[in-house]
Amino acid sequence: MAYSATPIFYDDVASLISFAVLILSLVVQAVALIHCVTQRGDGFQAIGTLPKGAWLAILAVCIILTLLGVGGGATGLFGLIGVAGPMGPSSGMGRRGVSN
């Protein structure tokens with residue numbers, strides 16, 4: 001009787017939303033990986049962050065693990081690292097005009 005209040009299409013909507021979040025997560029991770037590939041390697045050292053190779057490895061592994069669904073897929077640990085990692089404070093975003 002508890003199931004009579006839930007709509008019949010609940011599972012379809014939940015699956016569609018999960019798929020949309022997965023696609024969005026993969027797009028953001030792919031853009032971050034392409035951006036990392038196109039940047040010069042000395043720029044990473046100039047702002048005091050991880051080297052370019054480390055960022056490439058982190059982003060590539062996160063994309064692969066998100067595709068495989070390891071750790072919960074797009075909303076799991078690796079999906080969130082792949083999306084939030086490049087946007088973190090250690091990435092150097094927003095530091096262009098700062099001279100130390």
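Our subject is the structure listed above.
The structure reproduced in this document is the subject of the present report. None of these values were measured; they are calculated from a predicted model. (Residues numbered from 1 in each chain as written. Predicted model: local features only at pLDDT ≥ 70, side-chain atom pairs only at ≥ 80, totals over all residues. Heavy atoms only, no water.)

With respect to the packing of helix H3 (residues 52-68) against helix H4 (residues 77-84)
Their axes nearest at 8 Å, the elements H3 and H4 cross at an angle of 140°. Put simply, H3 runs oblique to H4. Like other packed secondary-structure pairs, H3 and H4 cross with a definite hand, here left-handed. Between H3 and H4, the residues in contact are Ile58, Leu59, Cys62, Leu65 and Thr66 and Phe78, Gly79, Ile81 and Gly82, respectively. Here the residues of the contact of H3 with H4 sort into six nonpolar, three polar and no charged. (Axes fitted to C-alpha atoms, helices over the stretch in contact; angles between N-to-C directions. Helix = DSSP H or I, 4+ residues; strand = E, 2+ residues; numbered from the N terminus. Parallel < 35°, antiparallel > 145°, perpendicular 65-115°, else oblique. Left-handed = near helix turned anticlockwise from the far one by under 90°. Contact = heavy atoms within 4.5 Å. Nonpolar A, V, L, I, M, F, W, Y, C, P; charged D, E, K, R; others polar.)

Observations concerning the packing of helix H1 (residues 10-38) against H3
Across the interface, H1 lies against H3 with an axial gap of 10 Å and an inter-helix angle of 160°. Comparing the axis directions of H1 and H3 gives the class roughly antiparallel. H1 and H3 meet at a crossing whose hand is left-handed. Between H1, through Leu22, Ser25, Leu26, Gln29, Ala30, Ala32, Leu33, Cys36 and Val37, and H3, the contact on the second element is made entirely by Lys52, Trp55, Leu56, Leu59, Ala60, Cys62, Ile63, Thr66 and Leu67. Here the contact of H1 with H3 is composed, by residue class, of 14 nonpolar, three polar and one charged.

Topic: the nonpolar core
Formed by Ala32, Cys36, Phe44, Trp55 and Leu59, the largest nonpolar core amounts to five residues. Those elements that provide at least two residues to this core are H1 and H3. Not counting chain neighbours up to four residues away, the residues in contact with Leu59 comprise Ala32, Leu33, Cys36, Gly82 and Pro86. (Core = buried A, V, L, I, M, F, W, Y, C linked by side-chain atoms within 4.5 Å. Buried < 20%, exposed > 50% of the residue type's maximum accessible area, 1.4 Å probe, protein only.)

Considerations on H3
Relative to the 24 Å expected for 17 residues at 1.5 Å per residue, H3 spans 24 Å between its end C-alpha atoms, a close match to the ideal helical length. Inspection of H3 places Trp55, Leu59, Cys62, Ile63, Leu65 and Thr66 among the buried residues, and these make up the whole buried set. (Expected span 1.5 Å × (residues − 1).)

Just geometry here; none of it tells us what the structure is for.
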